[in-house]
Amino acid sequence: MTRRLAEVAKKVGVSEATVSRVLNGKPGVSEATREAVLTALDVLGYERPTQLRGDRARLVGLVLPELQNPIFPAFAEVVGGALAQQGFTSLLCTRTVGGVSEADYVDLLLQQQVSGVVFAGGFYAQADAPHGHYELIQERKLPTVLVNAAVDHLGFPQVSSDDYVAAEMAIGHLRALGHRRIGMVLGPRDHIPSRRKLEAFMAAEEADPGLVEHTMFSLEGGHAAATKLVNSGVTGIVCASDILALGAIRAVRRAGLSVPDEVSVIGYDDSAMMNCTDPPLTTVRQPIDAMGRAAVDMLVALIERAVVPADELLFEPELVVRASTARARI
């Protein structure tokens, strides 16, 4: 107990006596200090005293699938900053292969009495993935916002980049450069954003369903999928992420061809450093600043018990033309 008092007091910048008064529910402590002490308890991983567990901490869980893809750290920075401006502290939860699962994190966040959760790139975007932990969140009425497309039945507010429009932009750019044999590298078949991109691809003129490859979101996945497309004679490849696009560029080069002289490649996200790749990557930018702020605004409104419809806000992506696309050879 003494060690806990000392750690919390140091974290908040108050005396151990003040921390003791908060933990024992005694008067004489300002509401701001009381909230700071309770938040410090949560951040340091200590359980709140039984009589205080009914109070929600000003903590918000931010659940991400990984940090290797640079789009997710960038999103975490936006959301964390927007939450801080609203007086909340974000708890970053990252899934690990063979380690802590998304469902495990939900259990942990519920135990920590968080005020709400923001999910980005979670199992809600995969039709065949387990969704029981989302149903638990609904049962507990925990304010929650999802970022990017989700399966239909979950009933949470969503903030998304328009995947259909993004694919249209990429395909339209390649067609304007004279490409007609265009392939697409997408995520898994049950991935909802990839399904929306595929819908746009199939609606395009001269679309060939045989030039669509599904793979995991990784450099290696992009390489493997793009190798098949290059062997099929495509001159342009549209990818569902920048990481997939980097794998596609590697595949083109391993085939003895050049980007963009012989095969043009387009990514999606506009992650950090994509202007520094070789060649600098043409991509479709997700407006993560606007999306992140909107997600936080919706979450805070839910926390404050405002009525927020379980709708999807669609944000317009932006085509960013760099040096990985060029006019098709005739």
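Structural data are supplied above this passage.
Keep in mind that this is a model prediction, so the values were computed, not measured. (Residues numbered from 1 in each chain as written. Predicted model: local features only at pLDDT ≥ 70, side-chain atom pairs only at ≥ 80, totals over all residues. Heavy atoms only, no water.)

Novice: Give me helix α6 (residues 132–140): which residues, what numbers.
Specialist: Note: α-helices contain 3.6 residues per turn, so residues at a spacing of three or four share the same orientation. Within α6, the full set of buried residues consists of H133, Y134 and I137. The arc that holds every buried residue of α6, seen down its axis, measures 105 degrees, which confines them to one face. One or two steps after α6, the chain reaches K141, where phi turns positive at roughly 55 degrees. (Buried < 20%, exposed > 50% of the residue type's maximum accessible area, 1.4 Å probe, protein only. Helix = DSSP H or I, 4+ residues; strand = E, 2+ residues; numbered from the N terminus. Arc of directions from axis to C-beta.)

Novice: Can you break down the environment of V22 residue by residue, with the values?
Specialist: Locating V22 in the fold gives a position in helix α2 (residues 16–23). The class of V22 is buried, set by a relative accessible area of 5%. For the pair V22 and R305, spaced 283 residues apart in the sequence, the C-alpha separation amounts to 26 Å.

Novice: Lay out the side chain of H131 in plain terms, naming residues and giving numbers.
Specialist: Secondary-structure assignment places H131 in the loop between β3 (116–120) and α6. For H131, a relative accessible area of 9% corresponds to the buried category. A distance of 3.1 Å separates a polar atom in the side chain of H131 from the backbone oxygen of F123. Separated by 3.0 Å, the side chain of H131 and the backbone oxygen of Q126 make a polar contact. In contact with H131, not counting residues within four places along its chain, are F123, Y124, Q126, V151, H153 and L154. (Polar contact = N/O pair within 3.5 Å; in protein donor to acceptor, adjacent residues only side chain to side chain. Contact = heavy atoms within 4.5 Å.)

Novice: Tell me about unusual backbone geometry, and name the residues and values.
Specialist: In this structure, the amide linkage connecting V259 to the following residue, P260, adopts the cis form with an omega of 10 degrees. With an omega of -5 degrees, the peptide bond running from D278 to P279 counts as cis. By the secondary structure assignment, P279 is in the loop between β9 (264–269) and β10 (282–285). In this model, D270 sits at a positive phi of 60 degrees, which is unusual for a non-glycine residue. Looking at the secondary structure, you find D270 in the loop between β9 and β10. When its relative accessible area of 15% is taken as the criterion, D270 is described as buried. Not every positive phi belongs to a glycine, and R305 is a case in point at roughly 70 degrees. When its relative accessible area of 77% is taken as the criterion, R305 is described as exposed.

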